[in-house]
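Understanding the architecture of this molecule
As a plain string of letters, each chain reads:
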Amino acid sequence: MNEQSAIKSELLNKQEALYEQWLKELYTNRIFKGNSQEETRRNSTFVFNAFIKALQLSTEFDLEGKESSEIKSVLESFSKDLASKGQTPTATAMYIYSLKSVLLRFLKSHCDSATKAFYEEVMKIHDFLDTMGLFTFEYYVKEREKIIQMQQEDMLELSTPIIKVWNGIIAVPLIGTLDSKRTQIVMQKLLDAILSTSSKVAILDITGVPTVDTYVANNLINTTKAIRLLGAETIITGIS
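**Points about the overall build of the protein**
- Along the backbone of the protein there are eight helices and four strands.
- Listed N to C, the secondary structure of the protein is α-α-α-α-α-α-β-β-α-β-α-β in terms of helices and strands.
- Per-residue burial for the protein yields a buried fraction of 38% across its 240 residues.
- Put simply, 76% of the contacts in the protein that link residues at least 6 apart link residues at least 24 apart.
- When the accessible area of the protein is evaluated, it comes to approximately 13600 Å², of which 55% is carbon and sulfur surface.

**Some thoughts on the nonpolar core**
- Core analysis: the largest hydrophobic core is formed by 33 residues, its most contacted members being L11, W22, F51 and M132.
- At the level of secondary structure, the elements contributing two or more residues to this core comprise α1 (3-13), α2 (15-29), α3 (37-57), α4 (69-84), α5 (89-110) and α6 (116-158).
- Residues I170, V172, M187 and L190 belong to the second largest nonpolar core, which totals 19 residues.

**Here we look at the packing of helix α7 (residues 180-197) against helix α8 (residues 214-229)**
- Remark: α7 packs on α8, axes separated minimally by 10 Å, with the N-to-C direction vectors making an angle of 20 degrees. In terms of orientation, α7 and α8 fall into the roughly parallel class. Between α7 and α8 the crossing geometry is right-handed. Side by side, α7 and α8 meet where S180, T183, M187, L190, L191 and I194 of the first sit next to Y215, N219, N222, T223, A226 and I227 of the second.
- Residue composition of the contact of α7 with α8, by class: seven nonpolar, five polar and no charged.

**Looking at unusual backbone geometry**
- At S198, a position not held by glycine, the phi torsion is positive, near 55 degrees.
- Along the chain, S198 falls in the loop between α7 and β3 (201-208).
- You can call S198 exposed: its relative accessible area is 55%.

**Topic: the side chain of H126**
- Positionally, H126 belongs in helix α6.
- Not counting the four nearest positions on each side in its chain, H126 is found in contact with K100 and L104.

**A word on a nonpolar patch on the surface**
- On the surface, a nonpolar cluster with roughly 330 Å² of combined accessible area is contributed by I163, V165 and W166.
- Along the chain, V165 falls in strand β1 (residues 163-166).

Criteria and cut-off values
- Residues numbered from 1 in each chain as written.
- Predicted model: local features only at pLDDT ≥ 70, side-chain atom pairs only at ≥ 80, totals over all residues.
- Heavy atoms only, no water.
- Helix = DSSP H or I, 4+ residues; strand = E, 2+ residues; numbered from the N terminus.
- Buried < 20%, exposed > 50% of the residue type's maximum accessible area, 1.4 Å probe, protein only.
- Contact = heavy atoms within 4.5 Å.
- Areas by Shrake-Rupley, 256 points an atom, 1.4 Å probe, with all protein chains shown as cover.
- Core = buried A, V, L, I, M, F, W, Y, C linked by side-chain atoms within 4.5 Å.
- Axes fitted to C-alpha atoms, helices over the stretch in contact; angles between N-to-C directions.
- Parallel < 35°, antiparallel > 145°, perpendicular 65-115°, else oblique.
- Left-handed = near helix turned anticlockwise from the far one by under 90°.
- Nonpolar A, V, L, I, M, F, W, Y, C, P; charged D, E, K, R; others polar.
- Patch = residues over 30% accessible without salt bridge, like charges linked within 9 Å, V, L, I, M, F, W, Y side chains within 5 Å.
- Salt bridge = Lys/Arg side-chain N within 4 Å of Asp/Glu carboxyl O.

Put into structure tokens, the structure is as follows:
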């Protein structure tokens, strides 16, 4: 049996012991604040099983290879879950790196070989875990950006309320900056409200808009034009 097969065989034969050592490390260091031991064990099981499968199938330990499609899928789900729960990107990466340190200690205590081939194979696994850690970090950042963008869009929706003040009259109190994206949201919500309520008058209150420059004025003009196309009139109030 060559060095490569010997190392893989040792890890695969004693994977349960390795897993328990990793789990103990995670419990001790409490990498994830607020996570219960049950949550930590569940996440660990998914990641560890995917790593073992990659170890069985792959010879080059490359995340870009076909053999690594499953572990990439697991790491993506893992990172997405942690991002949605507000964990830090550092904690997400350290989760994987903690497996690396446990694995190296495990090999040191269970393998007596110290040949060049042994170290080369260990370094391959070491580098593969580094790649896994970096992959989870980058995917986490992407997911957090998506979550932040969705939250910003939700805030824009909430900051543009449509109020029915009387039969046939609706009002929109605007607060904050009117950029092109927000103007589009205001226009869409106004047009939908005019159609659903059959309103003939729309009041735009811009008291809460800090700056009304040429750009904002153009956005307001475009909004009034769109409203007029539906047969309604616009009243703009709050101009200082």
